[in-house]
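Letter by letter, the chains look like this.
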Amino acid sequence: MKLATLPHEGCPDGRLVIVSDDMTTCRRVGDMTLQQALDAAAVPQGLEALAGAPEPFDPARALAPLPRAFQFLDGSAYVNHVELVRMARGAEMPERFWIDPLMYQGVSDPILPATAPITGDFDWGIDFEAEVAVITGAVPRGATADEAAQAIRLVMLLNDVSLRHLIPDELSKGFGFVQSKPPNAAAPLAVTPDALPGWDGRKLSGVLRVDLNGRPFGRADAGIDMTFDFGQLIAHAAKTRPLPAGTIVGSGTISNKLDGGPGKPVDQGGAGYSCIAEQRMVETIQGGAPSTAFLRPGDRVRIWMEDPAGNALFGEIDQEVAP
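Caption draft 1: Focus on the sheet that holds strand β13 (residues 207-212). Reading across the sheet, the four strands line up as β14-β13-β16-β17 and stay open at both edges, with antiparallel pairing between neighbours. The two strands at the open ends of the sheet, each matched to only one other strand, are β14 (215-221) and β17 (317-320). Adjacent strand axes in the sheet meet at a mean angle of 15° when their direction is disregarded.

Caption draft 2: Up close: the environment of G14. Position of G14 among the secondary structure elements: in strand β2 (residues 11-19). For the pair G14 and A4, spaced ten residues apart in sequence, the C-alpha separation works out to 9.5 Å.

Caption draft 3: The pattern of salt bridges, seen in detail. Tallied over the full model, the rule gives 17 salt bridges. Linking E129 and K181 is a salt bridge whose minimum nitrogen-to-oxygen distance equals 3.0 Å. Of the two residues, E129 is situated in the loop between β7 (126-127) and β8 (130-136) and K181 in the loop between α4 (167-172) and β11 (185-186); the sequence distance between them amounts to 52 residues. Here the two residues E129 and K181 agree in accessibility, since each one is buried. Across the pair D318 and R300 runs a salt bridge, and its minimum N-O distance is 2.5 Å.

Caption draft 4: Up close: the layout of surface pockets. Taken as a whole, the second largest pocket holds about 310 Å³ of empty space. Lining the second largest pocket are 14 residues, with R215, P216, F217, D267 and Q279 positioned closest to its centre. Counting residues per element, the ones that place at least two in the lining of the second largest pocket are β14 and α6 (276-287). Of the residues belonging to the lining of the second largest pocket, the class tally is eight nonpolar, three polar and three charged.

Caption draft 5: Main features of the packing of aromatic side chains. Across all of its chains, the model carries five aromatic pairs by this definition. Note on F72 and Y104: the rings are 6.4 Å apart at their centroids and 85° apart in plane angle, and the pair reads as edge-to-face. A residue pair is termed long-range when its members are at least 10 positions apart, and F72 in strand β5 (residues 71-75) and Y104 in strand β6 (residues 103-105) qualify at 32 residues. The exposure class of Y104 is buried, given its relative accessible area of 12%. Cation over ring: K181 sits above F177, and NZ or CZ is 5.4 Å from the ring centre. The cationic tip of R302 hangs over the ring face of W304; the distance from NZ or CZ to the ring centre is 4.3 Å.

Caption draft 6: Spatial organisation of the state of the cysteines. Taken as a whole and judged by the stated rule, the model has zero disulfides. With no disulfide of its own, C26 lies 16 Å from the sulfur of C11, the closest cysteine sulfur.

Caption draft 7: Representation of the side chain of D127 in the model. Relative to the helices and strands, D127 resides in strand β7. Assessed through its relative accessible area of 0%, D127 is described here as buried. A distance of 2.9 Å separates polar atoms of two side chains, one belonging to D127 and the other to R164. Separated by 2.9 Å, the side chain of D127 and the backbone nitrogen of I276 make a polar contact. Residue contacts for D127: discarding those within four places in its chain leaves D160, V161, S162, R164, C275, I276, A277, F294 and L295.

Caption draft 8: Geometry of the nonpolar core. Core analysis: the largest hydrophobic core is formed by 62 residues, its most contacted members being V132, L295, M305 and F314. Broken down by secondary-structure element, the contributors of at least two residues to this core are α2 (79-89), β8, β9 (152-159), β13, β14, α5 (230-237), α6 and β16 (300-305). Of the residues forming this core, the biggest block, five residues, is contributed by α5. Ignoring any residue separated from it by four or fewer positions in sequence, one finds V132 in contact with V155, M156, L157, L204, A222, F230, V249, G250, S251, I254 and M305. Core analysis: the next-biggest nonpolar cluster, separate from the first, contains 28 residues, M32, L38, Y104 and A186 among them.

Reading the values: the criteria
- Residues numbered from 1 in each chain as written.
- Predicted model: local features only at pLDDT ≥ 70, side-chain atom pairs only at ≥ 80, totals over all residues.
- Heavy atoms only, no water.
- Pairing = 2+ DSSP bridges.
- Helix = DSSP H or I, 4+ residues; strand = E, 2+ residues; numbered from the N terminus.
- Axes fitted to C-alpha atoms, helices over the stretch in contact; angles between N-to-C directions.
- Salt bridge = Lys/Arg side-chain N within 4 Å of Asp/Glu carboxyl O.
- Buried < 20%, exposed > 50% of the residue type's maximum accessible area, 1.4 Å probe, protein only.
- 1 Å grid on protein atoms, 1.4 Å probe; cavity = no way out; pocket = protein on both sides within 12 Å on 5 of 7 lines; lining within 4 Å.
- Points joined across faces, edges and corners; volume = space filled by probe spheres on them.
- Nonpolar A, V, L, I, M, F, W, Y, C, P; charged D, E, K, R; others polar.
- Phe/Tyr/Trp six-rings, centres within 6.5 Å; stacked < 30°, edge-to-face > 60°.
- Lys NZ or Arg CZ within 6 Å of the ring centre and 35° of its normal.
- Disulfide = S-S within 2.5 Å.
- Polar contact = N/O pair within 3.5 Å; in protein donor to acceptor, adjacent residues only side chain to side chain.
- Contact = heavy atoms within 4.5 Å.
- Core = buried A, V, L, I, M, F, W, Y, C linked by side-chain atoms within 4.5 Å.

Here it is, written out as structure tokens:
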């Protein structure tokens, strides 16, 4: 089942719709929001009985599937990405990073629509991060990874925007991200796991595609090199507190390690990168200094994933950097 949220006057949470597989029509689910459906444990059970007649669906009109979430927790499930960061700095990789996931709590209100402009001071080093995320039902405190995986209700894509030049100062204070992690944007559709080819119950396999200014930038497989799956990430977040229905948990930047070393750009036959920072890290490791610039006004980022027939599974994130 594919779900989306359409605007509704006077309601920032919009209204929930069920979207057809070909994404041409949708059916309104009464006067319900996605958060209300999650609170009622009605995803996916119970939605069909409430759905109205089909009407045209335009993904460009859609809000984020969950425009305001109770929590957004972003992990770093692809430790290859973390390892590259430390290699570029000449720092040793702590062994515990392979057994205990990194995670921070980011902006959950708002989650931006897929076509929202990317804004900010360009001296801040604006970067995109293409990642997979899940929306959970209620998760009790202390849930195991298997129990946590059973709470996954929906899967979606995110562009987790990062302000790279602000990160070092924040980390040097010993606390997590605040200023360096502004609101992120979501693809128009959230999909139930049973409708996703490549879903194994705890992670999604398939190529996450990133184009920058119309050229292929990343073609990393989300199912490869995922050190911590979503069951483990959710269980990590729930170790000392319960998670309410409607919690969003992100995978962090998708990153593939090819041939035991740093990935190659797409135009050199590699999987490329899911953020600019990782390409800059590889440039630093290989040549001593980065050469790729962070985002500038007018740059355009597209992020999507395809089914076997070449259709966009979640619709597309398609953002332009505002002047």
